[in-house]
Amino acid sequence: MKTKLYTLLAFLFVTVSITAQIDRSQQPEPGPAPKISLDKPAEYELKNGLKVLIVENHKLPRVSYNLSIDRKPIIEGNKAGVTSLLGSMLGNGTTAIPKDDFNEEVDFLGARLNFGFDGGFASSLTKYSTRILELLADAAMNPLLTEEEFEKEKEKLLEGLKTEAKSVDAVAGRVGRALSYGVEHPYGEFVTEETVNNVTFEDIKSYYNQYFKPNETYLVVIGDVDTKATYKLIKKYFGKWKKGAVDNSVVPEANANVDALEINFVDMPNAVQSNISITSNVKLKMSDPDYHAVLIANKILGGGFNSYLNMNLREANGWTYGARSSVGTDKYISRFSAGAAVRNAVTDSAIVETIKEIKRFQTEPVEASALANAKAKYVGDFVLALERPSTIAQYAISTKINDLPEDFYATYLEKINAVTIEDVQRVANKYFTADNARFIVVGKGSEVVANLEKLNIPINYFDKYANAVEKPEFSKPIPAGVTALSVMNSYVEAVGGKDALSAVETMLFNANVTIEGAPFKPTSVMKFMAPNKMSMEMSIAGMGTIFKQKFDGTTGYQEQQGMKQPMSDEDNKEQASQKGLFPEMHYTAEDIELVSLSDMDGKDVYKIKVKGDKDSFRYYDASSGLLLREESTEEAQGQTITSLKDLSDYREVNGVLIPFGQKITAGPQVIDMSLTEALVNSGVTEEDFK
C-alpha cells in the first residue's frame, strides 16, 4: 500500500522562486531617505485616566480604533493560562447584548471587532463609526463572561496543549524561554494542563476586574473623523469606566546569561528534524541609541533571505528551509536568538556553522553592499507600512509606551541610513554572542547526541518542561531472540494473521484530508490491488478532481489540472518492486535490519531498516506489534527531505486491522488523513488503475 509521499506534497505546495541577477561588482548608491510626515495626534485624557490619541485622515471613509493596555508583565504562577482564557472570552458579547446578537451586528455593519488580554481593535465605515465605538466600549467595560463559555475555551486550550506536546518547535520555544528568563519570570513561565485545570471561572472574573482599567489604557482613533466630535463620543461611552489601583509590584530579574557556551538538550524521539537555537538575554529598548544599528545588524546576520545564516545553512549546505535570527526590544528584558530546523544527521554541523557565522559577523566588517541592501529593505518596508492605519496607531501607542521622542518615527529612516559598517560591528559584539549563550537543541537524542558530544561543548539535559534530567537512555537492550524477521511476524499476527492478509486482494480507502495552513479541505480515494497496483484521486468540493496518481502494475502517471505526466523510470521501478499490499509478508533477512529498540511518544518501538537504493525505516510498537511510522528520504530542488507517515487508530475491517489515522510530514508541510471508509476485497476493479 505505497504512495509517493513527496509527489503528493509537491503537488499540494508549489513554490516559484525568481532570483534577480544583480551586478555585485558595483556598490549601489544610497539614495536620500524619504521624508516622513506623520500627523501629530490630538491628545486627551479622561478623568478615569484613559489616554486618547486621535488622528484625522480623510482619504477613505473608514475609521479604526485601537485599545491598548500598557501594564506590567503578569506572573500567573500555578494558574498559568488564565490570561489566555480571559482574552479568548472577551469581545464575544456584553452583559446587555448576547454573544450571537453582538457578533451578528458587527458582521451586519461590515465591521471588525476583536479583543485579547492586551486590548482590542475595531474598524468600520465612517457612517457606522459611532455604533462600532459604542460596541467596543461596551465589550471592554461590560464583557459577557459566562461559565459555559469558560468551559468551552478551557477545553479548546487543553486540546491545543495536547497537540503542542508532540511539536518540536513548541517545546523548543517553551524550554528556551524558561531557561533564558526563569520559570518564575513572567516571560519564562508556561501553560500546562495542570495550571489550566487550576483556573476557575472566579479567577477569570477576578483577573478582569484587576487588570482591565482605563488608567493603564490608550485608545487611538485613526480615520475619517472630526476630532472634537469623536472625543465627545469617547467621553460618553468610556467615561463610566472606573479606574483601578496602580500595580506597584516589582518585575523579578531574569536569569543571568551562562558563563560559557553550553548545549541544553531536550530528547524528543518523534523528531524528524532538530530545532536548534542559540540564545542569550539582552537589554535593548527602542529608545536606546543602538536600536537602529541593531535592526540593520540583525537583518544582515539572519533577518532576511540573503543573510549570513541563511546563505550558509540553506543555500550552501541545504540543511534547512530557512535560518533566522532576531533581537527583541523590551522595557525589562529580551533575547537574541539565531537558529533553524535542520535534519537530525547534520545537527552538530549546523551548530558549528551557526557559531562560525556569528563570530565572523563580530570580527569581519560587513560588505558595503550588504549594508546598503539591509537599509533598502527597511526603507521599503517602512514606507509601505505607512499606508495602513493600524501602523499609524501602533506608532502612536509605541511612542507613548516606550518613552520615545516625538520625532522618533519622523526621523526613523534618517537614523537607519546613518548606520555605518563600524556601527554594525560594534553592536554585533555587544548584543550578538556565541560565548555566554545557550544552544537550545530539541531533537531525536538517539540520532544526534553522539555527534553533539564530539563538539566538546558541555551538554545539559532537560525534559519538555525545562526540568533538569539525567542523560536519557536513547537505545535500550534488544531482548534475546528478537530479530528483524520476528518483528515482521509479530506485525503480521497483530493485524490479522498470515491467512487473513494473504486473502486480501484489494483495498479501498475514502479519507478526509487536512493540509496544515491550507484554506481548503480535500477528500481522497485510494485504491490498491495486489501485488502493486495503486490509484489515488483527490478532490475539492466545487472543483472536482484536482489530482490523480495511478500505477497499473507496469507504468504510472500523475495528472494535475488536466496536465498528465508519466512517472519517472525510477518511480515506475520502485512501485513495480512492491510484492504485495503488506510488505511485511515478503521481506527476507537480506531485505531488513533491526536497528534499535527505543522510545517514541512513550512507547518502546523497534526501528527496522529496509535496505535498497534509498534506505527507509519502519517503526513497530514493541508491545502491540503494530506499525507506527514509515520514514523515507527524498531529494528535491537541492534539498534532502525526510518524509514521515505516522499511523494510528487501527480498526478491524473484514478480519484485518487498518490504520484509520494517517499523518504525513515532509519538511515543513503536514497532511492529516482521516479514513471515513475502508473496504477489503470490494469496490476495486482493473479499470481503476488506467
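Reading guide: rules and limits
Residue positions are given per chain, counted from 1 along the sequence in the order it is written. Local features in this predicted model are restricted to residues of pLDDT 70 or higher, and side-chain atom pairs are both shown and tallied only at a pLDDT of 80 or more, whereas totals for entire chains, interfaces and linings draw on every residue. With hydrogens and water set aside, each side-chain value is computed from the structure's full complement of heavy atoms. Think of it this way: any DSSP run of H or I at least four residues long counts as a helix, any run of E at least two long counts as a strand, and we number them from the N terminus. Radius of gyration: over C-alpha atoms. The globule rule applied is 2.2 Å multiplied by the number of residues raised to the 0.38 power. Any pair of residues with heavy atoms lying within 4.5 Å of one another is described as a contacting pair. Here the Shrake-Rupley method, with its probe set to 1.4 Å, supplies the accessible areas, and only the displayed protein chains count as covering residues. As a per-residue measure, pLDDT tells how confident the predictor is, with possible values from 0 to 100. Centres within 6.5 Å are what make two rings of Phe, Tyr or Trp a pair, Trp counting through its six-membered ring; a difference in plane orientation under 30 degrees is then read as stacked, over 60 as edge-to-face, and the rest as tilted. Only protein chains enter the area calculation, which uses a 1.4 Å probe; residues under 20% of their type maximum are buried, those over 50% are exposed, and those in between are partly exposed. A ring has a charge above it when a Lys NZ or an Arg CZ is no more than 6 Å from the ring centre and no more than 35 degrees off the ring normal. Two strands pair if DSSP finds at least two bridges between them. Axes, fitted as lines to C-alpha atoms, cover a helix only where it is in contact. Angles between the N-to-C directions of the axes lie from 0 to 180 degrees. The term salt bridge refers to a side-chain nitrogen of Lys or Arg lying within 4 Å of a carboxyl oxygen of Asp or Glu. Two N or O atoms form a polar contact when they lie within 3.5 Å of each other; inside protein one atom must be a possible hydrogen donor and the other a possible acceptor, and for residues adjacent in sequence the pair counts only when both atoms belong to side chains. Every helix has an expected span of 1.5 Å times one less than the residues it contains. Note on angle classes: values under 35 degrees are labelled roughly parallel, values over 145 roughly antiparallel, values of 65 to 115 roughly perpendicular, and the remainder oblique. Side-chain classes follow a simple rule in which Ala, Val, Leu, Ile, Met, Phe, Trp, Tyr, Cys and Pro form the nonpolar group, Asp, Glu, Lys and Arg form the charged group, and the remainder, Gly included, forms the polar group. Among the buried residues, those of types Ala, Val, Leu, Ile, Met, Phe, Trp, Tyr and Cys that are joined through side-chain atoms within 4.5 Å form a nonpolar core. Excluding any residue in a salt bridge, patches collect residues exceeding 30% relative accessible area, merging like charges within 9 Å and nonpolar Val, Leu, Ile, Met, Phe, Trp and Tyr side chains within 5 Å. In this count, Lys and Arg are taken as positive residues and Asp and Glu as negative ones, while His and the chain termini are left out. We put the charge of a Lys on NZ, of an Arg on CZ, of an Asp on CG and of a Glu on CD.

Draft legend 1. Broad picture of the overall build of the protein. A count of helices and strands for the protein gives 20 helices and 26 strands. The C-alpha radius of gyration of the protein comes to 29 Å, within 12% of the 26 Å expected for a compact globule of 690 residues. Taken along its principal axes, the extent of the C-alpha atoms in the protein is 85 × 60 × 50 Å. Put simply, of all contacts in the protein between residues at least 6 apart along the chain, 70% involve residues at least 24 apart. A total of about 32900 Å² of accessible surface is found on the protein, and carbon and sulfur atoms cover 49% of it.

Draft legend 2. Region of the structure containing the confidence of the model for the protein. Mean pLDDT over the protein stands at 91; residues scoring 70 or higher make up 94%. Ranking the elements of the protein by mean pLDDT puts helix α1 (residues 5-12) last, at 48, and strand β12 (residues 459-462) first, at 98. Low pLDDT (under 50) marks residues 9-28, which in the prediction has 18 contacts with non-local residues, meaning those over four places away or in another chain.

Draft legend 3. Main features of the packing of aromatic side chains. Taken as a whole and judged by the stated rule, the model has 23 aromatic pairs. Between the aromatic rings of Tyr208 and Phe212, the centroid separation amounts to 5.2 Å while the plane-to-plane angle is 25 degrees, which identifies the pairing as stacked. Each of the two residues, Tyr208 as well as Phe212, counts as buried. Three or more aromatic residues link up through ring pairs in this structure, and these residues are Tyr291, Phe382, Tyr395, Phe408, Tyr409 and Tyr412. Above the ring of Tyr308, the side-chain terminus of Arg360 is found at 4.1 Å from the ring centroid.

Draft legend 4. Seen up close, unusual backbone geometry. The omega torsion across Ala530 and Pro531 is 0 degrees, close enough to zero to call that bond cis. Relative to the helices and strands, Pro531 is located in the loop between β15 (523-529) and β16 (533-540). Its identity is not glycine, yet Asn456 carries a phi of approximately 60 degrees, on the positive side. Inspection of the secondary structure puts Asn456 in the loop between α17 (445-453) and β12.

Draft legend 5. Structural detail: the pairing of strand β19 (residues 563-566). Examined bridge by bridge, strand β18 (residues 556-560) and β19 share four bridges and lie antiparallel to one another. Residue pairing in the sheet places Tyr557 in a bridge with Pro566 of β19. Hairpin remark: β18 followed by β19, antiparallel, with two residues in the connecting loop; positive phi at Gln561, about 50 degrees.

Draft legend 6. Broad picture of the sheet that holds strand β9 (residues 323-327). The mixed open sheet is built from seven strands, whose spatial order is β9-β10-β8-β11-β7-β12-β13. Looking at which strands have only one partner, the edges of the open sheet turn out to be β9 and β13 (468-469). When strand β8 (residues 273-282) meets strand β10 (residues 334-343), the two strands line up antiparallel, connected through ten bridges. What sits directly across from Asn281, in β10, is Arg335. Each of β7 (262-267), β8, β10, β11 (438-443) and β12 is contacted by helix α6 (residues 168-181), which is oriented at about 155 degrees to β11, the strand it contacts most. Across the sheet, helix α10 (residues 291-302) is in contact with β9 and β10; its angle to β9 comes to roughly 165 degrees.

Draft legend 7. Local environment of the pattern of salt bridges. Applying the stated criterion across every chain, the model contains 32 salt bridges. For Glu406, the salt bridge is made with Lys40, and the minimal N-O distance between the two is 3.4 Å. Separated by 366 residues along the polypeptide, Glu406 in the loop between α14 (389-401) and α15 (412-417) and Lys40 in the loop between α1 and β1 (42-45) bring together distant segments of the chain. The class for Glu406 is exposed, based on a relative accessible area of 68%. On the accessibility criterion, Lys40 (57% relative accessible area) is exposed. Between Lys430 and Asp290 there is a salt bridge; the shortest N-O distance is 3.0 Å. Here the residue Lys430 occupies a position in helix α16 (residues 421-431), and Asp290 occupies one in the loop between β8 and α10, the gap between them amounting to 140 residues. Owing to a relative accessible area of 54%, Lys430 belongs among the exposed residues under this scheme. Judged by relative accessible area, which is 8%, Asp290 ranks as buried. Linked through salt bridges whose partners overlap, the residues forming this network are Asp290, Asp423, Arg426 and Lys430.

Draft legend 8. Structural context of the side chain of Arg71. Structurally, the position occupied by Arg71 is in the loop between β3 (62-69) and α2 (82-89). From its side chain, Arg71 meets the backbone oxygen of Phe117 in a polar contact 3.0 Å long. Within the structure, Arg71 has its side chain in polar contact with the backbone oxygen of Tyr211 (distance 3.1 Å). Apart from residues no more than four positions distant in its own chain, Arg71 is found in contact with Phe117, Asp118, Tyr211, Phe212 and Glu216.

Draft legend 9. Geometry of helix α4 (residues 129-141). For α4, with 13 residues, the first-to-last C-alpha span of 18 Å sits near the 18 Å given by 1.5 Å per residue. Taken across its 13 residues, α4 has ten buried, putting it largely inside the fold. By the burial criterion, the buried members of α4 are Ser129, Ile132, Leu133, Leu135, Leu136, Ala137, Asp138, Ala139, Ala140 and Met141.

Draft legend 10. Broad picture of the packing of helix α12 (residues 347-363) against α16. Relative orientation of the contacting elements α12 and α16 amounts to 130 degrees, with a least axis distance of 7 Å. Accordingly, the angle class assigned to the pair α12 and α16 is oblique. Residues Phe361, Gln362 and Thr363 of α12 pack against Val424, Gln425, Ala428 and Asn429 of α16.

Draft legend 11. Spatial organisation of the packing of α10 against α16. Close contact between α10 and α16 brings their axes to 9 Å; oriented N to C, the two are set at 85 degrees. Compared by their axis directions, α10 and α16 come out roughly perpendicular. Here α10 contributes Ala293, Val294, Ile296 and Ala297 to the contact with α16, which in turn contributes Asp423, Val424, Val427 and Tyr431. Of the residues belonging to the contact of α10 with α16, the class tally is seven nonpolar, no polar and one charged.

Draft legend 12. Spotlight on the environment of Lys609. Its location among the elements puts Lys609 in strand β21 (residues 603-610). Sequence separation between Lys609 and Tyr211 is 398 residues; the distance between their C-alpha atoms is 57 Å. Contacts of Lys609, omitting those with residues within four sequence positions, involve Asp591, Ile592, Glu593, Val595, Asp615, Ser616 and Phe617.

Draft legend 13. Main features of the nonpolar core. Ranked by internal contacts, the top residues of the largest apolar core, which has 64 residues, are Phe265, Phe361 and Tyr412. Per-element accounting of this core gives the leading share, eight residues, to α10. Excluding its chain neighbours within four sequence positions, the residues that come into contact with Phe361 are Ala297, Ile300, Leu301, Tyr308, Val366, Val424, Ala428 and Phe432.

Draft legend 14. Structural view of a negative patch on the surface. Among the surface-exposed residues, Asp100, Asp101, Glu104 and Asp107 lie close enough to one another that they form a single negatively charged patch. Locating Asp107 in the fold gives a position in helix α3 (residues 99-108). For Asp107, a relative accessible area of 58% puts it in the exposed group.

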